[in-house]
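Observations on chain architecture
Next come the chains, spelled out residue by residue.
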Amino acid sequence: MLRRSAAVGTMDGEMSAFPARRGRPCLGTGLLFGVALAAACPALVHAEDSLPSWNATAPKKALGAFVERVTKPGTLDFVPPERRVAVFDNDGTLWAEQPVYFQFAFALDRVKALAPQHPEWKTQEPFASLLKGELKAALAGGEQAIGSIIAVSHAGMSVEEFDKTVRDWFRTARHPKTGRPYSEMIYQPMVELLAYLRASGFKTFIVSGGGIDFMRAFATEAYGIPPDQIVGSMGKLRYEARGGKPALIKLPEIDFVDDKEGKPVGIQRFIGLRPILAFGNSEGDRQMLEWTAAGEGPRLMGLVHHTDAAREYAYDKDSKIGTLGPTLDEANTRGWMVVDMKRDWKTVFPGDKAP
């Protein structure tokens, strides 16, 4: 249901490792048909041009209709460019997240590299199990174990050293299922959507539970989103002099967790405007979607539903990574957009051929 003051967009209506983003292909229609269609529905034609990896199903049509509504001057639903804020979760929304979060995969590799400097890890959990290759046992401690692994593997470096370490990892690390570089595990349809929104006067932000410095190392090349438009979880920093020069050093302490109810807090703290469009894929995104939906004027809330076991993964409520259950029910009840990966996307990753 498309209405002006409630949920919108329903089914009714320096790294060479990163692949180049796709440009807009021309429509494969005759000139006269193209002219007629452009005259009848210019925003929809723009969406068709800009979203070639999306099938012509309800979500793609709703995205075009929403952008037309909020960018048409002189109408009640017109939103000035400075208020066209769109926020996106990262893991599972803009790139894959299975079988483990990619930042955690980076942390695991870091622990192995640092192990010779920490002989105590041979008997200290979760590191002892991790170094034996017993990942399930290492993660038996839940979020506390994950937090300790990430904190230890990220701390002690300056922010510049950390950025370089992450970039170097992206150049060599490969996804265990596809064999692709992690930098190529981004979702081509979502990259197109980000570009389409920016071309329509939107400002696009990442609002994710992932570490802010980790995301800053790849987001500009991967998505065209600059470092200052990333909201993420943060560790504490300490200012000190190293080698006679000022440095910011990463500490093994959490400063802010940008997940669940932390996401609206992060949006207000670092963006200062309520979004008019928000996309997520899991229970960790529910509060961000609800916060977006509660605003005045046109809104679009979307979920990426992982339904394609052949091209990616199929999972929702029973998955430990990217769990999606009650929020999917809420989306269906409230008329939020649900993007079925298998049905609504022609391709998933850059360079893939459409079936």
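Keep in mind it's a predicted model, so treat the numbers as computed, not measured.

So, on to the overall build of the protein chain. Secondary structure summary: the protein chain contains 15 helices and 7 strands in total. Per-residue burial for the protein chain yields a buried fraction of 51% across its 355 residues. Of the accessible surface of the protein chain, which amounts to about 16,100 Å², a share of 55% is contributed by carbon and sulfur atoms.

So, about the nonpolar core. Nonpolar side chains in soluble globular proteins tend to end up buried together. In this structure, F88, M190, L193, F214, Y223, F279 and W345 are the most contacted members of the largest nonpolar core, which totals 68 residues. Residue contributions to this core peak at 8 residues, all from helix α4 (residues 102–114). When residues no more than four places from it in sequence are discounted, the contact partners of L193 are L51, W54, L63, F88 and F279. Of all hydrophobic cores here, the second largest spans 18 residues; its members include V85, I271, L303 and A331.

This part takes up helix α3 (residues 58–71). Taking 1.5 Å per residue, 14 residues should reach 20 Å; α3 reaches 20 Å between its end C-alpha atoms and fits that length. Of all the residues in α3, the buried ones are P59, K60, A62, L63, G64, F66, V67, R69 and V70.

Read from one edge to the other, the open sheet built from 7 strands follows the order β4-β3-β2-β1-β5-β6-β7, with strand pairing classed as mixed. Two strands bound the open sheet, and with one partner strand each, they are β4 (245–256) and β7 (337–340). The average angle at which neighbouring strand axes cross in this sheet is 30°, direction not considered. Both strand β6 (residues 300–305) and β7 contribute to a ladder of 4 bridges, which runs parallel. In the strand pairing of β7, L303 is matched with V338. Its contacts with the sheet place helix α12 (residues 262–270) against β1 (85–88), β2 (203–211), β3 (230–242) and β4, and it is angled at close to 145° to β4. Contacting β6 and β7, helix α14 (residues 326–334) runs over the sheet at an angle of about 135° to β6.

A grouping of L237, Y239 and L248 is seen on the molecular surface, where their side chains present a nonpolar patch of about 320 Å² in accessible area. Mapped onto the elements, Y239 comes out in strand β3. Judged by its relative accessible area of 61%, Y239 is exposed.

The interhelical angle for the contact between helix α13 (residues 286–293) and α14, taken along N-to-C directions, is 20°, at an axis separation of 10 Å. On the basis of their axis angle, the class for α13 and α14 is roughly parallel. When you trace α13 past α14, the crossing you get is left-handed. Contacts from R286, L289, E290 and A293 in α13 reach T327, E330 and R334 in α14.

Attention shifts here to α12. Along α12, the positions that sit buried rather than exposed are G262, K263, P264, G266 and I267. Looking at the residues trailing α12, positive phi occurs at G272, about 85°.

The next point concerns the pattern of salt bridges. Under the criterion given, the structure shown has 17 salt bridges. Of the charged contacts, one joins R69 and D77 as a salt bridge, the two residues approaching to 2.7 Å between their closest N and O atoms. Per residue, the accessibility class of R69 equals that of D77, and both read buried. When the shortest N-O distance is used, the salt bridge between D213 and R216 registers 3.6 Å. Taken together, the residues D213 and R216, both in helix α10 (residues 212–216) and 3 residues apart, mark about one turn of the helix. Judged by relative accessible area, which is 31%, R216 ranks as partly exposed.

Reading the values: rules and limits
- Residues numbered from 1 in each chain as written.
- Predicted model: local features only at pLDDT ≥ 70, side-chain atom pairs only at ≥ 80, totals over all residues.
- Heavy atoms only, no water.
- Helix = DSSP H or I, 4+ residues; strand = E, 2+ residues; numbered from the N terminus.
- Buried < 20%, exposed > 50% of the residue type's maximum accessible area, 1.4 Å probe, protein only.
- Areas by Shrake-Rupley, 256 points an atom, 1.4 Å probe, with all protein chains shown as cover.
- Core = buried A, V, L, I, M, F, W, Y, C linked by side-chain atoms within 4.5 Å.
- Contact = heavy atoms within 4.5 Å.
- Expected span 1.5 Å × (residues − 1).
- Pairing = 2+ DSSP bridges.
- Axes fitted to C-alpha atoms, helices over the stretch in contact; angles between N-to-C directions.
- Patch = residues over 30% accessible without salt bridge, like charges linked within 9 Å, V, L, I, M, F, W, Y side chains within 5 Å.
- Salt bridge = Lys/Arg side-chain N within 4 Å of Asp/Glu carboxyl O.
- Parallel < 35°, antiparallel > 145°, perpendicular 65-115°, else oblique.
- Left-handed = near helix turned anticlockwise from the far one by under 90°.

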